[in-house]
Amino acid sequence: MAGGGRPINVLNVAEKPSVAKSVAGILSKNQGLRIREGRSRYNKIYEFNYSIRGQPCHMLMTSVTGHLMELDFDERYRKWHSCDPADLYHAPVRKHVPEDKKDIKKTLEEEARRCQWLVLWLDCDREGENIAFEVIEVCRAVNCHLVLRRARFSALIDREIHQAVQNLVDPNQWFADAVDARQEIDLRIGASFTRFQTMLLKNFHIDSVTDDRNLVLSYGPCQFPTLGFVVERYWEIQAHESEEFWTINCSHKSEEGTATFSWMRGHLFDYTSAVIIYEMCVQEPTATVTKVRQQEKLKYPPYPLSTIELEKRASRYFRMSSEHTMKVAEDLYQAGFISYPRTETDSFSSGTNLHGIVQEQIGHPDWGPYAQRLLDHAAGLWRNPGSGGHDDKAHPPIHPTKFSSGESRWSQDHCKLYELVVRHFLACVSQPAVGAETIVEINIAGEVFSTSGRVILAKNYLDVYRFESWGGLVIPTYVHGQQFIPTTLTLDSGVTRPPPLLSEADLLSCMDKAGIGTDATMHDHIKKLLDRFYAIKDANTRFAPTNIGEALVMGYDDMGYELWKPNLRSMMESDMKEVSVGNKSKADVLANCLQQMKACFLDARLKKVKLLEAMGIFFERSGGEDQQAAGEVVRQCGICQESNMVLKKSRDGNLMVGCLAFPQCRNAVWLPGSVSEAAVTTNTCNSCTPGPVYLIQFKFRQHEIPPGFNVNHLGCIGGCDETLRQLIEICGTGSRIPARGRGPTASSNNGQQSNHRQRACIYCQQMGHSSSDCPSQFSGSRNARANGMNPQSGESSIQCTTCGTPCVLRTANTANNRGRKFYSCSSQECNFFVWEDDAKNGTRRMPQAGVSGSASNPSQRGGRSRGGQSRGHNTGMTFVSATGDPISGRRCYVCGEPSHFANACPNRGS
DNA sequence: GCAAGGTC
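The name given to chain A in an unreviewed UniProt entry is DNA topoisomerase 3-alpha, with the source organism recorded as Citrus sinensis.

Now the structure itself:
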């Protein structure tokens, strides 16, 4: 470049007005800086002189506001009925400047005409590069001699900006191409599926949920996976079958206080085994302290604040929606109080003046003293912030940029969000909290229990980050070998609970993990679900699908498509990545992706009946076809208390008793899948309330029920009918809900199962069958050897078939099995158990995960999930009698009655 | 009347 010479005119364009202002301020050092209005209200023009590598320049700096152009179909295809939606996969598209951006375009044209150079200061990401080419297109159209240069910068700090302008590069066409491809795919898929499903389903009466307006059932590659997360969790909850479990709790009270010990086995799903172990503990209740471990624990402050973290934390701490959070954050940013709020970056670059940011806050009445302490070297509170490992190279983490102790025009939410940003920043540059943790383990009759206590030694960052706490529980002092008698030792029962509905923070995490949306758009997709009536947010700010949302996902799921899962977006995203590094061409990716999506679209259209059926479950359709006949009344609905529950056949042909107020009331009792006929009788149940509950005459399909059950059964759905309950447990119901579990729950089950199959049988070391099916296990003498039993000595040398650890021979002490010997695994992590006589007789069966009592094979049970604390925790115990039949009939071990369990026994403790 | 991505 020639040094000196006549000044040239350089047009500089930033992605947004604030960047134009900052860059102009930095380059001009605020000297000789002139500001004038452009055609657009927001996009000012800054003028100053500058020298680029010795070339004097008259700099004109202005901005766009994000994308200057939009992609749309040619006019002829824009009307919904103008073409077959399938045509939208090849209909011509064009980029154009929309009406509300015309004034910006005009400014660019006017200024570009009198410039020699165009320097692009767009954000340094793919979208920024694409906007750069939009600006180029507009400017080149009026001045084809323009020299095009790109400024690369990662932060709005002096050093970066001066370096960028002295080292201008070429714009990156690959980056821009990737975005072009993404836009075109999004448009074609979105428009085709939206038109298709909106027009297909327009005859369903969904007005009750949505006001009276014309409803658009939109489809988008981001909004649908977001909906998918909500529906999937909802189905997981629906598929959950609560299961009773048992656990032993122990407490010890001393002068120093009380310690509560929890059982290392967690909890068992088998009552009998829990009782056997419990009784052994009660008989020899002396506890011996076997381990006392003390250690220092650190709790680290959070990483610097990214957009997603800001949204998640505002939702968690203040219950603010992500959309509202971004609105308030934008306000604070516009007014200069916080840095740019749309950032993926969660680490500060090395040049950042962190002390300066803290310094600004020392005057605040609440957190000022803490800020002061941070700056006091002697206090030792300062720590350089950690890095979360993300850097979008465009913006720093969100941090305060101007001190405020609250502005008069701020709403409460403005105050809260500013406080969060400040306290989060101060926390980031603070030492972690320090605690002393003590873990104590005790042994009672061979069972291990543990407890832990924690004392906080130094709160450090927790002093300023009031949103987080660290529970500190003080326990009495114990020494190794110490013995004591527990104050309480109880056998307690509980039931497993399903996981909760997704919170907004959960949803953001799901999207983040799957790469759905960007930090700037994720809240939009969540809001779209609400706007389209696909989901609702309840009082606890948790998301549940509406009937429309569920029906749409169900329809595509029934087609066998994963259009509602994040995979499609992930694939697109990886293709975009390939385009942006030049490994694939835009044209190839577009052709390939659109061809596949068109085939998918055409196939989905062929299977449109699935969508119609799914909608038909929830909504009535005009025209009267497919109306379900009202069935016979069984009882009044106990949920809505307004309508009757009637016996009906679902669309799939499965029998159920459902509330007539459906879909407003969704109370339903699904009947066993093995029912072939059912009719409501005039007989009523004597025990179920509120009555009357009419009995139903059932007929079961012989081959679908276990031996011992009668094909004809006069049953009650009120809850008293043990036969019905057992058949539901064994055969499952015709409910569509459990079958839905083939989402994450079932696939992980399947995964486990197939892994299992790959393993060699532990008896004969052969592949192809599991140990539970091992043919070698069905003959007595071979069996004993194979098990490692030593028939001569009679001593225990059996190995646990679950984990391989040697078993211990123990004696049962229950009313029903007193004196009977059994083997139990000596590992505390494992719950393997078998009666000694069963092992000898060869009638032993392998424990199967999740099976207890009369339950069927878990692989047949679809989406069964054990939620809450018990998720993923199976005892693996099966009790079988000498005949190989499951031991049934759980009884209270105190009085022997089958009507209740020990925890509810009236004789207990007497 | 349709997407998602910028930003005001």
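1. Describing the overall build of chain A
The helix and strand tally for chain A stands at 25 helices and 28 strands. Long-range contacts, defined here as pairs at least 24 residues apart, represent 69% of the contacts in chain A between residues at least 6 apart. Accessible area of chain A: about 41,900 Å², with a carbon and sulfur share of 48%.

2. Things to note about the packing of aromatic side chains
Counted according to the given criterion, the structure contains 30 aromatic pairs. Ring geometry for Y317 against F318: centres 6.3 Å apart, planes inclined by 70°, an arrangement best described as edge-to-face. When its relative accessible area of 22% is taken as the criterion, Y317 is described as partly exposed. The exposure class assigned to F318 is buried, which follows from its relative accessible area of 14%. With a centroid separation of 6.1 Å and an interplanar angle of 80°, the aromatic rings of F337 and Y418 are classed as edge-to-face.

3. Digging into the nonpolar core
The biggest cluster of nonpolar side chains holds 66 residues, and the ones touching the most others in it are F193, L201, Y556 and L563. Here this core gets 8 residues from one element, more than from any other, and that element is helix α19 (residues 586–606). Membership of the second largest hydrophobic core comes to 40 residues, among which are L305, A329, Y340 and F425.

4. Notes on the protein's contact with DNA strand B
Near DNA strand B there are 42 residues, and of these T65, K101, C222, Y340 and H525 occur at the shortest range. Sugar plus phosphate, as a fraction of atoms of DNA strand B within 4 Å of the protein: 62%. In this structure, R182 approaches DNA strand B through a side-chain N or O atom, which is 3.2 Å from a sugar or linking oxygen. Contact between DNA strand B and H525: a phosphate oxygen at 2.7 Å from a side-chain N or O atom of the residue. Listed by contribution, the elements that provide at least two residues to the surface near DNA strand B are β5 (70–73), α6 (173–200), α11 (322–334) and α16 (522–531). At 9 residues, α6 tops the list of elements feeding residues into the surface near DNA strand B. Here the residues of the surface near DNA strand B are counted per class, giving 12 nonpolar, 16 polar and 14 charged.

5. Examining the pairing of strand β9 (residues 244–254)
A regular strand places its side chains on the two faces of the sheet in alternate fashion. A large share of β9 lies buried, amounting to 8 of its 11 residues. For β9 and strand β15 (residues 488–495), the ladder comprises 8 bridges, and the chain directions are antiparallel. Its bridge partner lying in β15, W246 is registered against S493. As defined by bridge partners, β9 adjoins strand β10 (residues 257–263) across 6 bridges and the pair is classed as antiparallel. Bridge pairing in β10 places N249 opposite S262. Between the antiparallel neighbours β9 and β10 lie 2 residues.

6. Some words on the sheet that holds strand β12 (residues 433–444)
Here we have 7 strands laid out as an open sheet, ordered β14-β11-β12-β13-β10-β9-β15, and antiparallel in their pairing. The outermost strands of the open sheet, each flanked by one partner alone, are β14 (483–484) and β15. Where helix α9 (residues 271–283) meets the sheet, its contacts fall on β9, β10, β12, β13 (447–458) and β15, and the angle it forms with β15 comes to roughly 170°.

7. What about the pattern of salt bridges?
In total, this model carries 44 salt bridges according to the counting rule given. Residue K312 is joined to E309 by a salt bridge in which the shortest nitrogen-to-oxygen separation is 3.7 Å. Of this pair, K312 and E309 both sit in helix α10 (residues 307–318), 3 residues apart, roughly one helical turn. One network of salt bridges, with partners in common, ties together R36, E47, E111 and R114.

8. Some words on the packing of α10 against helix α14 (residues 412–428)
Remark: α10 packs on α14, axes separated minimally by 11 Å, with the N-to-C direction vectors making an angle of 115°. Pair α10 / α14 crosses with right-handed handedness. Touching L310, R313, A314, Y317 and F318 of α10 are K416, L417, L420, V421 and H424, all from α14. Taken together, the residues of the contact of α10 with α14 break down into 7 nonpolar, 1 polar and 2 charged.

9. Let's talk about helix α5 (residues 158–166)
By the burial criterion, the buried members of α5 are E160, I161, A164 and V165. Across the axial projection of α5, the buried residues extend over an arc of 120°, all falling on one side. As for α5, its buried residues are in contact with α1 (17–28), β3 (45–52), β4 (55–63) and β7 (117–121).

10. Observations regarding the sheet that holds strand β16 (residues 502–503)
Spatially, β16-β18-β17 is the arrangement adopted by the 3 strands of the open sheet, whose pairing is antiparallel. The sheet is open, and its two edges are formed by β16 and β17 (535–537), each paired on a single side. The sheet contact formed by β17 and strand β18 (residues 542–545) spans 3 bridges and is antiparallel. Paired with K537 across the two strands is F543, which belongs to β18. Each of β16, β17 and β18 is contacted by helix α8 (residues 223–239), which is oriented at about 85° to β18, the strand it contacts most.

11. Some remarks on the environment of V440
When you line up the elements, V440 lands in strand β12. Between the C-alpha atoms of V440 and V289, which are 151 residues apart in sequence, the distance is 7.2 Å. Those residues in contact with V440 that sit more than four places away from it in its chain are F261, V289, K291, F449, S450, T451, I475 and Y478.

12. Looking at the state of the cysteines
For the coordinates displayed, the defined rule picks out 0 disulfides. Not part of a disulfide, C115 finds its nearest cysteine sulfur in C139, a span of 8.6 Å.

13. Observations regarding unusual backbone geometry
Note that the residue after T689, namely P690, is joined by a cis bond; omega there is -10°. Mapped onto the elements, P690 comes out in the loop between β23 (675–684) and β24 (694–700). Although it is not a glycine, K29 adopts a positive phi angle of roughly 50°. Exposure remark for K29: the relative accessible area of 58% places this residue in the exposed category. Phi at F533 takes a positive value of approximately 65°, unusual for a residue other than glycine.

14. Overview of the packing of α8 against α16
Between α8 and α16, the shortest axis-to-axis distance is 9 Å and the interhelical angle comes to 70°. As summarised for this structure, α8 and α16 are arranged roughly perpendicular, according to the angle between their axes. Here Q223, T226, L227 and V230 of α8 come into contact with α16, specifically with H525, I526, K528 and L529. Grouping the constituent residues of the contact of α8 with α16 by class yields 4 nonpolar, 3 polar and 1 charged.

15. Regarding a nonpolar patch on the surface
A surface patch of nonpolar side chains, about 290 Å² in accessible area, is lined by V455, L457 and V474. When you line up the elements, V474 lands in the loop between β13 and β14. For V474, a relative accessible area of 62% translates into the label exposed.

16. Quick word on the pairing of strand β8 (residues 147–150)
Side-chain alternation along β8 places L148 and R150 on a buried face and V147 and R149 on a face that remains uncovered. A crossover links β7 with its parallel partner β8, the connecting element being helix α4 (residues 126–142), and its sense is right-handed.

17. Details of the confidence of the model for chain A
This prediction gives chain A a mean pLDDT of 80; 75% of its residues lie at or above 70. With pLDDT under 50 throughout, residues 624–630 is counted as low confidence; its partners more than four residues away or in other chains account for 9 contacts.

18. Some remarks on the environment of R233
Relative to the helices and strands, R233 is located in helix α8. On a C-alpha basis, the gap between R233 and L501 in space is 6.3 Å, while along the polypeptide they are 268 residues apart. In this view, R233 contacts P499, P500, L501 and L502; residues no more than four positions away in its chain are not counted.

19. Side note on the environment of L201
By the secondary structure assignment, L201 is in the loop between α6 and α7 (207–210). Exposure remark for L201: the relative accessible area of 1% places this residue in the buried category. Along the backbone, L201 and V216 are 15 residues apart, and their C-alpha atoms lie at a distance of 9.8 Å. Leave out the neighbours within four places in its chain, and L201 touches L217, L552, L611, L612 and M615.

Conventions adopted
- Residues numbered from 1 in each chain as written.
- Chains lettered and ligands numbered in written order.
- Predicted model: local features only at pLDDT ≥ 70, side-chain atom pairs only at ≥ 80, totals over all residues.
- Heavy atoms only, no water.
- Helix = DSSP H or I, 4+ residues; strand = E, 2+ residues; numbered from the N terminus.
- Contact = heavy atoms within 4.5 Å.
- Areas by Shrake-Rupley, 256 points an atom, 1.4 Å probe, with all protein chains shown as cover.
- Phe/Tyr/Trp six-rings, centres within 6.5 Å; stacked < 30°, edge-to-face > 60°.
- Buried < 20%, exposed > 50% of the residue type's maximum accessible area, 1.4 Å probe, protein only.
- Core = buried A, V, L, I, M, F, W, Y, C linked by side-chain atoms within 4.5 Å.
- Near = heavy atom within 4 Å.
- Polar contact = N/O pair within 3.5 Å; in protein donor to acceptor, adjacent residues only side chain to side chain.
- Nonpolar A, V, L, I, M, F, W, Y, C, P; charged D, E, K, R; others polar.
- Pairing = 2+ DSSP bridges.
- Axes fitted to C-alpha atoms, helices over the stretch in contact; angles between N-to-C directions.
- Salt bridge = Lys/Arg side-chain N within 4 Å of Asp/Glu carboxyl O.
- Left-handed = near helix turned anticlockwise from the far one by under 90°.
- Arc of directions from axis to C-beta.
- Disulfide = S-S within 2.5 Å.
- Parallel < 35°, antiparallel > 145°, perpendicular 65-115°, else oblique.
- Patch = residues over 30% accessible without salt bridge, like charges linked within 9 Å, V, L, I, M, F, W, Y side chains within 5 Å.
- Right-handed = clockwise from strand over helix to strand, strands pointing away.
- pLDDT = per-residue confidence, 0-100.

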